[in-house]
Amino acid sequence: MCGIVGYIGDKKASDVIIKGLKRLEYRGYDSAGIAYQNGELQVKKGKGKVAKLEAMLDPNENATAGIGHTRWATHGEPNDVNSHPHTSTSQKIALVHNGIIENYGSLKKVLQNKGYEFYSETDTEVLAKLIESFLENGENEFKKAVQLALAQVEGTYGLAIIHADHPDIIIAARKGSPLLIGVGKNEMLVASDASAVAEYTDQVVYLEDGELAVIERDNYNVESSDSTSLIKEVHELAMSLDEIEKGGYPYFMLKEIFEQPKAIADCLRGRIDPEKGTVTLGGIADVMEKLAGAKRLVIAACGTSWHSGIVGEYLFESLVKIPVEVEYASELRYKEPLIGEGDVMIVISQSGETADTLAALRQAKENGALVLGVVNVVGSSIARETDAGVYIHAGPEIGVASTKAFTAQVTVLTLIAIMLAQYKKSISDEKAKKLISELALIPEKMQQVLDKSENLREVSNLFSYAPNFLYLGRSVSFPVALEGALKLKEISYIHAEGYPAAEMKHGPIALIDDMMPVVVIAGTNHTNDKMVSNIEEVRARKGRIIAIVTEGNAEVEDLSEFSFSVPDTEDELSPLLTVIPLQILSYNIAVNRGCDVDQPRNLAKSVTVE
Ligand code: F6R
């Protein structure tokens, strides 16, 4: 949420920063701004996307240090004044901020009483003025003034700060909002996300909460909150430029949908042996005993990751025979959860930075539970703070609507469930072997689905008008219904609900008329007959059935106005295939409606505020 980039080195800073902001734009895109050192501080900012900011820049300036920001508004509407960077009264300090300063109201009052004037509605402006107030009070060392200001702040921040009188440094600080330093040759970058630095260096240093860094072009010094100098590990980034570019696709979302066969092949690589019928997950091998001894599993996540968690619930309960609770991370943290020793929590997060998920994991750890992560972004906060975990290896996901992360999360949850079930001997060798050999075929079957995705064009065109959609599924297809509905609403702004098919009778059936598209996800499993009855109930009320079926489900195909079939697989694995046509349906409808698929209104990738 919000993107930060800072640069100090030999290159033209604004070029590097603008490029970086474009790569981070998926984290927020309601306004953008930049501040650079050019004898004095120059600030350009305004409502709108990074391209608009780029057009505002003076092509002749040659500053080699600066900071930039792309915003997702929390405090104050998206407008020119509320855009970052924010400056101090003297215009000597400029800073960009991700996170929320929770006590900004009281800090603002104190500063106002001292004569400071405020122009924006943001929490961030307070910080620029607070730092300056310490400099005016005689704490004339820039870093010291930042530390004194941060000591007064309650809330979260990822910060990059520059000062006109200290043109050779950028100060960066982190508490609850991700920040890393990109270590180059005669140049350093600071960013909220590795994709902004990947073009310049593959050497990164992740800042931890409470740390502050003074960054020069050829050096950086990181200090802990008690001002102890730290020796930080330098990590190698495994991110190629191809992965963070559209590569000929009109949108990242479409590219990522089509990357799913590769993402799942990468996710499975070296982890399964279909011949022997074994699963090997090095990330959790050391905790298997504890995991197998768990009284119950609690899965915590948000959004799409929460949906994959519900698929996980079906898998763990049916294969491992362990009780599972799937919680919204945002709810869990405020209900004093009865989670403690003997429990295992699995947190699922693509970004590894979702604030609520991070808070849920910290709470579970504090209560003594073992916490495992199912995470995409290597080195992210959640990945680092969990006791153990399994990366999904889906590659960077940039489209705001999550696609390949969902299928890779489900794949990893399936692997964990099989490995645990084998360890506990709760499934037969035969069943395990069948699941594993079917898993190995999933990338190929996904490709078959994608190869005929043009068949979804007609139905997408037909239903692009619809103001509402209903998605129905049973058993393991229920979370697929939820995910299909979420995809549609977030990128096409059509209201959509996902329901367990039988629940429809308890309310939503009242919505059905001859204008209502009802998407059903029907496999060939034990719930198929019941699903057929549910479809009849919709048809009796003239609802329009769009069915995603497993090949050979002629009964449902015959009952549907439109149907799309996916290859047969084990029932437990069917979400990996049935979700793909739903992703494409929502993509096509969003494009038909002229929506910005990669940057839907009001949304941002990676929700790092509560
Ligand atoms: C939906 C979507 C969001 C995320 C949610 C959790 O398409 O992308 O619902 O799934 O914000 O994000 P992560 O997985 O990064 O914790």
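Calculation rules
- Residues numbered from 1 in each chain as written.
- Predicted model: local features only at pLDDT ≥ 70, side-chain atom pairs only at ≥ 80, totals over all residues.
- Heavy atoms only, no water.
- Helix = DSSP H or I, 4+ residues; strand = E, 2+ residues; numbered from the N terminus.
- Rg over C-alpha atoms; globule rule 2.2 N^0.38 Å.
- Buried < 20%, exposed > 50% of the residue type's maximum accessible area, 1.4 Å probe, protein only.
- Contact = heavy atoms within 4.5 Å.
- Lys, Arg positive; Asp, Glu negative; His and termini not counted.
- Charge placed at Lys NZ, Arg CZ, Asp CG, Glu CD.
- Core = buried A, V, L, I, M, F, W, Y, C linked by side-chain atoms within 4.5 Å.
- Domains from an automatic or database assignment.
- Near = heavy atom within 4 Å.
- Polar contact = N/O pair within 3.5 Å; in protein donor to acceptor, adjacent residues only side chain to side chain.
- Areas by Shrake-Rupley, 256 points an atom, 1.4 Å probe, with all protein chains shown as cover.
- Pairing = 2+ DSSP bridges.
- Axes fitted to C-alpha atoms, helices over the stretch in contact; angles between N-to-C directions.
- Right-handed = clockwise from strand over helix to strand, strands pointing away.
- Salt bridge = Lys/Arg side-chain N within 4 Å of Asp/Glu carboxyl O.
- Expected span 1.5 Å × (residues − 1).

Some details on the overall build of the protein
Next, step 1: If you tally the helices and strands in the protein, you get 20 helices and 27 strands.
Next, step 2: By the compact-globule yardstick of 25 Å for 610 residues, the protein fits well, its C-alpha radius of gyration being 25 Å.
Next, step 3: With respect to the principal axes defined by its C-alpha atoms, the protein has extents near 80 × 55 × 45 Å.
Next, step 4: Residues classed as buried in the protein amount to 62% of the 610 residues present.
Next, step 5: Pairs at least 24 residues apart make up 72% of the contacts formed inside the protein by residues separated by at least 6 positions.
Next, step 6: Of note, the protein has its 60 positive side-chain charges centred 1 Å away from the centre of its 87 negative side-chain charges.

Considering the environment of K129
Next, step 1: Topologically, K129 is positioned in helix α4 (residues 124-136).
Next, step 2: With relative accessibility at 2%, the residue K129 sits in the buried group.
Next, step 3: Put simply, K129 and L180 are 51 residues apart on the chain and 25 Å apart in space, counted from C-alpha to C-alpha.
Next, step 4: If sequence neighbours within four positions are ignored, K129 has contacts with T87, S88, T89, L111, Y116, E117, F118 and Y119.

Notes on the nonpolar core
Next, step 1: Grouped together as the largest cluster of nonpolar side chains are 98 residues, with contacts concentrated most on I284, F316, F469 and Y471.
Next, step 2: Top contributing element to this core by residue count: helix α14 (residues 404-423), with 13 residues.
Next, step 3: Domain assignment of the residues forming this core places at least three in each of domain 2 (252-450) and domain 3 (453-592).
Next, step 4: Setting aside anything within four residues of it in sequence, one finds Y471 in contact with A481, G484, A485, L488, A496, E497, G498, Y499, V519, L582 and L585.
Next, step 5: Membership of the second largest hydrophobic core comes to 32 residues, among which are L24, Y29, Y36 and I398.

Looking at the site of the ligand
Next, step 1: The ligand sits among 15 residues. The nearest are S305, S349, S351, T354 and E490.
Next, step 2: At 3.0 Å from an oxygen atom of the ligand is found a main-chain nitrogen or oxygen belonging to T304.
Next, step 3: Here an oxygen atom of the ligand sits 3.2 Å away from a polar atom, N or O, in the main chain of V400.
Next, step 4: Protein coverage of the free-state accessible area of the ligand, which is 410 Å², stands at 87%.

Examining the sheet that holds strand β25 (residues 517-522)
Next, step 1: What the five strands build is an open sheet, ordered β24-β23-β25-β26-β27; its pairing is parallel. Looking at which strands have only one partner, the edges of the open sheet turn out to be β24 (495-500) and β27 (562-566). Neighbour-to-neighbour, the strand axes of this sheet turn through a mean angle of 15 degrees, independent of strand direction.
Next, step 2: In this structure, strand β23 (residues 468-473) lies alongside β25, joined through four bridges in parallel fashion. Looking at β25, one finds that Y471 is bridged to V519.

As for the pairing of strand β21 (residues 370-375)
Next, step 1: In terms of burial, β21 is a largely internal element, six of the six residues being buried.
Next, step 2: Burial along β21 is two-sided: L370, L372 and V374 and V371, G373 and V375, pointing in opposite directions, are all buried.
Next, step 3: Considered for its hand, the β-α-β crossover made up of strand β20 (residues 343-349), helix α12 (residues 355-366) and β21 is right-handed.
Next, step 4: Examined bridge by bridge, β21 and strand β22 (residues 388-391) share four bridges and lie parallel to one another. Looking at β22, one finds that V374 is bridged to V390.

Describing the environment of E454
Next, step 1: With respect to the element layout, E454 can be found in the loop between α15 (429-451) and α16 (457-463).
Next, step 2: Distance from E454 to V347, taken between C-alpha atoms, is 35 Å for residues 107 residues apart in sequence.

Looking at the domain arrangement of the protein
Next, step 1: Entries for the protein in the domain assignment read domain 1 (3-237), domain 2 (252-450) and domain 3 (453-592).
Next, step 2: The gap between the C-alpha centroids of domain 1 and domain 2 is 35 Å.
Next, step 3: Every contact between the two is made by eight residues of domain 1 and, on the other side, nine residues of domain 2.
Next, step 4: At the junction of domain 1 and domain 2, the tally comes to two salt bridges.
Next, step 5: Between R384 and E208 there is a salt bridge whose closest N-O contact spans 2.5 Å.
Next, step 6: Between the two partners, domain 1 and domain 2, sit four residue pairs in polar contact (both at pLDDT 80 or more).

With respect to the side chain of H86
Next, step 1: Within the secondary structure layout, H86 lies in strand β5 (residues 86-87).
Next, step 2: With near-sequence residues (within four places) excluded, H86 lies in contact with K45, V81, I93, A94, L95, S120, T122, T124, E125 and A128.

Overview of the sheet that holds strand β19 (residues 324-328)
Next, step 1: The five strands are arranged β19-β18-β20-β21-β22 in an open sheet whose pairing can be described as parallel. Looking at which strands have only one partner, the edges of the open sheet turn out to be β19 and β22. Each strand of the sheet is rotated relative to its neighbour by a mean of 20 degrees, with strand direction disregarded.
Next, step 2: The pairing of strand β18 (residues 296-301) with β19 spans five bridges and is classified as parallel. Within β19, the residue paired with A301 across the bridge is Y328.
Next, step 3: Across the sheet, α12 lies against β18, β20 and β21, angled at about 165 degrees from β20, the strand it touches most.

Details of helix α10 (residues 303-320)
Next, step 1: Along its 18 residues, α10 runs 25 Å from first to last C-alpha, staying within 8% of the 26 Å computed at 1.5 Å per residue.
Next, step 2: The buried count for α10 comes to 13 of 18 residues, which makes it a mostly enclosed element.
Next, step 3: One or two positions beyond α10, positive phi appears at K321, with a value near 60 degrees.

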